[in-house]
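# Coordinate inspection notes
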Amino acid sequence: MKNFNAVALCLWLGAAINTYPIIANAAADQQLTMVGIPKLRSAWFNDYEKGLKKAGKDFGVNVYQQAPASPDEAQQVRIIEDSISQGVNAVLVVPNNASSCEPVFARAHDKGIVVITHESVNQANADFDVEMIENEKFGKYMMDQFAQHVNGSGEYAIYVGSLTVPAHNTWADAAIKEAKAKYPNLKLVADRFPVSEDRNASRQKTLELLSTYPDLKGVISFGSQGGPGAAQALREKGLVGKLTVMGTTSPKEGASFLKDGSLTELILWSPGDAAYSMTYIAKMIVEGKRDQIKNGLEIPGIGKPDINGKNIIFDKPLTVTKDNYSKYDF
C-alpha cells in the first residue's frame, strides 16, 4: 500500500509539472527562450526583429525570429508547431490568419507555452494581443494630419486594401467621421476604393480620379501600396507637390516618394516597439507575474498602455515625412 501511494504521488507530481503555472514559475530560474514569428520576411518585419533583439539584450532573454518566406498561413502554423516541439517558453506571433492559428495556439498552451500576438485584437487562445495604435484614434489622427495639409477644405478620396479588411475599414470609418465632425469643408468624392494593396490599381484609380475630379485635393490611403500608387500617378501627371497623399507604407518603401514630395506623409507604427513589448509581457507571464499586467503597467522605454481584457493597446502613431524618413530602417 505504501509503494502504491508513492507511485501515485509520483504520477500526480508528474502531471502537476506539466501544468502551465508551474512550468512558468520554474522557468524563471533559467534563461528563457522565445521565438518571434511575423507574417513574412520583409523590410517591415526587419524592424520587428530588431525589437526582439533589443528586448533579448535588455531583459536577458534568448529571443530570435523565424519568419515564413511569404504570407502563407500554413507555413506560419508549421513554424509555430516546430517552436512548440522545441519547447520554447513563448511564441510571439503576428498572425497571417487569426482563425488558422487558434488550434496551434491551443496546443502551445497545452505545453505550457505563452502566446502573445500583434495585429490580432481579441485573438482566440492567445494570452494577450499587443497593439501600438488604437484603431479609431489612428483614423482620426490620419484625417487631422490630412486636414492640416489641405487647410481643412476640398475634395478627397480614401483607399483601403479591400472592403473586408477590418482594420483598414475601421480606420476609414473613423477618418470620415472626424472629417464630418471637424472639417465641414472637406468633401469625400465617393465611397472608399479597395485598391491600396495593389500599387498599379492605386495608380490607375488616382489617374481616373484626377480626370473625374479636377479639384481633388488629395488621397488618404490605408494599405501598404495605396500611397506609392497615388504618388506615381502624380508624377506622371506633373502634379508632384500639388496634391496631398497620405499613406501607411513602410518608410523604406515610401522613401523615394517622400523625397520628391509626391508622397506627403506616412502614418504608421513601429513593429519593433511591438516586438519589444510582446517580449516584456511574455517574460512577465512566464515568471508568474500575470496578475501585474493591468492598467498602470509601464513597459520600459515604451510607456503605459490601456489594457482591456486580453488587449494591450498603446497610442503611438509614427509620423514619417521627407525630413525624418532616413531614421527608419523598415
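To keep things clear, this report deals only with the structure shown in the data block.

Reading the values: the criteria
Residues numbered from 1 in each chain as written. Predicted model: local features only at pLDDT ≥ 70, side-chain atom pairs only at ≥ 80, totals over all residues. Heavy atoms only, no water. Helix = DSSP H or I, 4+ residues; strand = E, 2+ residues; numbered from the N terminus. Buried < 20%, exposed > 50% of the residue type's maximum accessible area, 1.4 Å probe, protein only. Areas by Shrake-Rupley, 256 points an atom, 1.4 Å probe, with all protein chains shown as cover. Lys, Arg positive; Asp, Glu negative; His and termini not counted. Charge placed at Lys NZ, Arg CZ, Asp CG, Glu CD. Pairing = 2+ DSSP bridges. Axes fitted to C-alpha atoms, helices over the stretch in contact; angles between N-to-C directions. Contact = heavy atoms within 4.5 Å. Salt bridge = Lys/Arg side-chain N within 4 Å of Asp/Glu carboxyl O. Polar contact = N/O pair within 3.5 Å; in protein donor to acceptor, adjacent residues only side chain to side chain. Phe/Tyr/Trp six-rings, centres within 6.5 Å; stacked < 30°, edge-to-face > 60°. Parallel < 35°, antiparallel > 145°, perpendicular 65-115°, else oblique. Left-handed = near helix turned anticlockwise from the far one by under 90°. Nonpolar A, V, L, I, M, F, W, Y, C, P; charged D, E, K, R; others polar.

Assigned secondary structure in the protein consists of 11 helices and 13 strands. Going through the 330 residues of the protein one by one, you find that 52% of them count as buried. Per element, the accessible surface of the protein, about 15,000 Å² overall, is 49% carbon and sulfur. Charged side chains of the protein number 35 positive and 37 negative; the gap between the two group centres comes to 3 Å.

For sheets, the rule is that strands pair by backbone hydrogen bonds, running either parallel or antiparallel. What the seven strands build is an open sheet, ordered β2-β1-β3-β4-β5-β12-β11; its pairing is mixed. Single-partner strands in this sheet number two, and they are β2 (62-65) and β11 (306-308). The mean inter-strand angle of the sheet, taken between neighbouring strand axes irrespective of direction, is 20°. Summarising the sheet, strand β5 (residues 128-131) and strand β12 (residues 311-313) pair through three bridges and their orientation is parallel. The residue of β12 that forms the bridge with aspartate 129 is asparagine 311. Against the sheet, helix α3 (residues 43-59) engages β1 (33-37), β2 and β3 (90-93), with an angle of about 170° to β2.

Moving on: the pattern of salt bridges. Under the defined criterion, the tally for this structure stands at 18 salt bridges. Salt-bridge contacts for aspartate 173 lead to arginine 192; the nearest nitrogen and oxygen are separated by 2.8 Å. Highlighted residues: aspartate 173 in helix α7 (residues 166-182) and arginine 192 in the loop between β7 (185-188) and α8 (199-212), separated in sequence by 19 residues. When its relative accessible area of 14% is taken as the criterion, arginine 192 is described as buried. The partner of glutamate 208 in a salt bridge is lysine 205, with the nearest N and O atoms 3.0 Å apart. Taken together, the residues glutamate 208 and lysine 205, both in helix α8 and three residues apart, mark about one turn of the helix. Residue classification places glutamate 208 among the partly exposed positions, given a relative accessible area of 36%.

Right, let's talk about the environment of glutamine 65 for a bit. Among the structural elements, glutamine 65 can be located in strand β2. Setting aside chain neighbours within four positions, we find glutamine 65 in contact with Gly36, Pro38, Arg41, Phe45, Tyr48, Glu49 and Leu52. A distance of 3.5 Å separates the side chain of glutamine 65 from the backbone nitrogen of glutamate 49, its partner in a polar contact.

On inspection of all chains with the given rule, the structure shows 12 aromatic pairs. Put simply, the rings of Trp44, Phe138, Trp171, Phe222, Trp269, Tyr328 and Phe330 pair up and form one aromatic cluster.

Between helix α6 (residues 135-149) and α7, the least distance of the axes is 7 Å, while the angle of their chain directions is 50°. As the angle between them shows, α6 and α7 are arranged oblique. The handedness of the crossing between α6 and α7 comes out as right-handed. For the pair α6 and α7, contact is made by Asn135, Glu136, Phe138, Gly139, Lys140, Met143 and Asp144 and by Thr170, Trp171, Ala174, Ala175, Glu178, Ala179 and Lys182, respectively.

A few words on the packing of helix α4 (residues 73-86) against helix α5 (residues 98-110). One can describe the packing of α4 onto α5 by two numbers: an axis separation of 10 Å at closest approach and a directional angle of 0°. When the axis of α4 is compared with that of α5, the two are roughly parallel. In this structure, α4 contributes Glu73, Gln76, Val77, Ile80, Glu81 and Ile84 to the contact, and α5 contributes Ser100, Cys101, Val104, Phe105, Arg107 and Ala108. When its residues are assigned to classes, the contact of α4 with α5 shows seven nonpolar, two polar and three charged.

If you walk across this open sheet you meet the six strands as β7-β6-β8-β9-β10-β13, and the pairing is mixed. The sheet is open, and its two edges are formed by β7 and β13 (318-320), each paired on a single side. Here the strands of the sheet are splayed against their neighbours by 20° on average, with no regard to which way each runs. In the sheet, strand β10 (residues 265-268) pairs with β13 via three bridges, with the strands oriented antiparallel. Residue leucine 266 lies in a different strand from β13, and its bridge partner there is valine 320. The sheet strands contacting α7 are β6 (153-160), β7 and β8 (216-222), and the helix crosses β6 at an angle near 170°. Of the strands in this sheet, β6, β8 and β9 (244-247) touch helix α9 (residues 226-237), which is tilted by about 160° from β9.

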